[in-house]
Amino acid sequence: TQVIKPRIREILSKELPPERVSLLPKHWVQIGDVLILPLRPELEPYKRRIAEVYAQVIGAKTVLRKGHIHGETRKPDYELLYGKDTVTVHVENGVKYKLDVARVMFSPANVKERVRMAEVAKPGELVVDMFAGIGHLSLPMAVHKGARVIAIEKNPYTFRFLVENIWLNGVQDLMTPYNMDNRDFPAENIADRILMGYVVTTHEFIPKALSIAKDEAIIHYHNTVPEKLRPEEPFATFKRIAREHGYDAEKLKELVIKRYAPGVWHVVVDIRVYKR
Ligand code: SAM
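Residues numbered from 1 in each chain as written. Predicted model: local features only at pLDDT ≥ 70, side-chain atom pairs only at ≥ 80, totals over all residues. Heavy atoms only, no water.

This part covers the environment of Arg40. Residue placement: Arg40 occurs in the loop between strand E2 (34-37) and helix H3 (47-58). For Arg40, a relative accessible area of 41% gives the class partly exposed. Separated by 79 residues in sequence, Arg40 and Glu119 have C-alpha atoms that sit 39 Å apart. The residues touching Arg40, leaving out its near neighbours within four places in the chain, are Leu23 and Arg65. (Helix = DSSP H or I, 4+ residues; strand = E, 2+ residues; numbered from the N terminus. Buried < 20%, exposed > 50% of the residue type's maximum accessible area, 1.4 Å probe, protein only. Contact = heavy atoms within 4.5 Å.)

Structure representation (structure tokens):
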């Protein structure tokens, strides 16, 4: 997220009614050379010209209007305002992420977690990323620490970028991608560490995560939680389900990733699980 450039205001103040100029977006997101611009409805008649000016001043090839991310596969819903190519390579923390910004989720707010995963990973350990996306969280673990990764992603279009990113970052000897629903992943008792980078219904996948985990393992458990249920949840539910499946769970750390909805947080809990 950046702050509006005086040059943009200078150009557009000559073309827009004065009361609309103050409504120009002051913040936007840049992923590679694609901009995601939040635009107020009052700017509708000028949206294409506004997008063009932002693109030219900032140096982007494509501009999308910010929409919402929804559904099981977290697909974004954006309107194309300027340019046509929405595929780009975003470089963050020394990791190259190729993606189609219009069709694949990439949340700038999760940057701290992507960096943190590179820090916690250990050389040679086996990480299973159950919701891999384009390799958001697990590419940094292979690139920076030499962790071995099994990356499971069920959406075929997202999966294509996951495969490309593995090669783009030169970690094809460390990362193995699977295009399947993680519930169908056959291996058991293999993972030192499991990434559950998913929200809203992540608890439904806890039994599967436990079957993939070694007798002792670390699980990075993401979920959304209403403010009023914190700090007990979401760990209390994890622990209950783990016990039902013969595991003890110890909470090591909990971090807020971002606000998900009014009064609802996206959090990640680092949990050590042990077979009882
Ligand atoms: N883990 C990344 C992060 O936290 O930045 C982002 C991943 S994105 C929110 C979740 C991904 O999980 C999507 O690409 C979606 O297609 C995939 N997904 C959802 N359900 C799945 C399942 N049952 N098995 C495998 N992948 C799944």
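Here the narrative resumes.
To continue, consider the nonpolar core. Residues Ile31, Leu99, Val101, Ile134, Leu139, Met141 and Met175 are the most contacted members of the largest nonpolar core, which totals 32 residues. Residue assignment for this core shows that the elements contributing at least two residues are strand E1 (29-31), E2, strand E6 (95-100), helix H5 (139-145), strand E8 (148-152) and helix H6 (156-168). Not counting the four nearest positions on each side in its chain, Ile31 is found in contact with Ile36, Thr88, His90, Leu99, Val101 and Phe106. One finds Ile152, Phe205, Ala213 and Val225 within the second-largest nonpolar core, a separate group that totals 31 residues. (Core = buried A, V, L, I, M, F, W, Y, C linked by side-chain atoms within 4.5 Å.)

On to the side chain of Arg65, then. Inspection of the secondary structure assignment puts Arg65 in strand E3 (residues 62-70). The buried category is assigned to Arg65, whose relative accessible area is 12%. From its side chain, Arg65 meets the backbone oxygen of Leu39 in a polar contact 3.1 Å long. A polar side-chain atom of Arg65 sits 2.8 Å from a polar atom in the side chain of Glu44. If sequence neighbours within four positions are ignored, Arg65 has contacts with Leu37, Leu39, Arg40, Pro41, Glu44, Lys47, Tyr78, Glu79 and Leu81. (Polar contact = N/O pair within 3.5 Å; in protein donor to acceptor, adjacent residues only side chain to side chain.)

The pairing of strand E5 (residues 87-92) with E6 spans 6 bridges and is classified as antiparallel. Bridge pairing links Glu92 to Val95 in E6. (Pairing = 2+ DSSP bridges.)

A separate point is the site of the ligand. What surrounds the ligand is a group of 20 residues, the closest being Phe131, Glu153, Asp181, Asn182 and Gly197. A distance of 3.3 Å separates a nitrogen atom of the ligand from a polar backbone atom of Gly197. Protein chains bury 97% of the 600 Å² of accessible surface belonging to the ligand in isolation. Its residues assigned to classes, the shell around the ligand shows 7 nonpolar, 7 polar and 6 charged. (Near = heavy atom within 4 Å. Areas by Shrake-Rupley, 256 points an atom, 1.4 Å probe, with all protein chains shown as cover. Nonpolar A, V, L, I, M, F, W, Y, C, P; charged D, E, K, R; others polar.)

Mapping Lys122 onto the fold places it in the loop between helix H4 (111-120) and strand E7 (126-129). A relative accessible area of 48% places Lys122 in the partly exposed class. The spatial distance from the C-alpha of Lys122 to the C-alpha of Gly146 is 7.2 Å, given a sequence separation of 24 residues. Discounting residues that sit within four places of it in the chain, Lys122 has contacts with Lys145, Ala147 and Arg193.

Take unusual backbone geometry next. Here the amide bond leading from Arg230 into Pro231 is cis, since omega sits at 0°, within 30 degrees of zero. Note on placement: Pro231 falls in the loop between strand E11 (213-226) and helix H8 (235-244). With an omega of 5°, the peptide bond between Glu233 and Pro234 qualifies as cis. Unlike most non-glycine residues, Asn93 shows phi in positive territory, near 55°. Relative to the helices and strands, Asn93 resides in the loop between E5 and E6. On the basis of relative accessibility, which here comes to 34%, the residue Asn93 falls in the partly exposed class. Of note in the backbone geometry, Val200 takes a positive phi value of approximately 75° without being a glycine. Note on placement: Val200 falls in the loop between strand E10 (191-196) and helix H7 (206-212). Its relative accessible area of 41% is what places Val200 among the partly exposed residues.

Let's shift gears to the sheet that holds E8. Sheet architecture is open: 7 strands sit in the order E9-E8-E7-E10-E11-E13-E12, paired in mixed fashion. Strand pairing shows two members of the sheet lacking a second neighbour, strand E9 (175-178) and strand E12 (247-261), which therefore form its edges. Sheet twist, expressed as the average angle between the axes of neighbouring strands with direction ignored, equals 15°. Where E7 and E10 come together, 3 bridges link them in parallel fashion. Bridging across to E10, Val128 finds its partner in Ile194. Running at roughly 145° to E12, H8 makes contact with E11, E12 and strand E13 (264-275) of the sheet. (Axes fitted to C-alpha atoms, helices over the stretch in contact; angles between N-to-C directions.)

Regions with low pLDDT carry predicted coordinates that are not meant to be interpreted in detail. Confidence along the protein chain averages 94 in pLDDT terms, with 95% of residues attaining 70 or more. In the model output, the complex is listed with pTM 0.93 alongside ipTM 0.96. (pLDDT = per-residue confidence, 0-100.)

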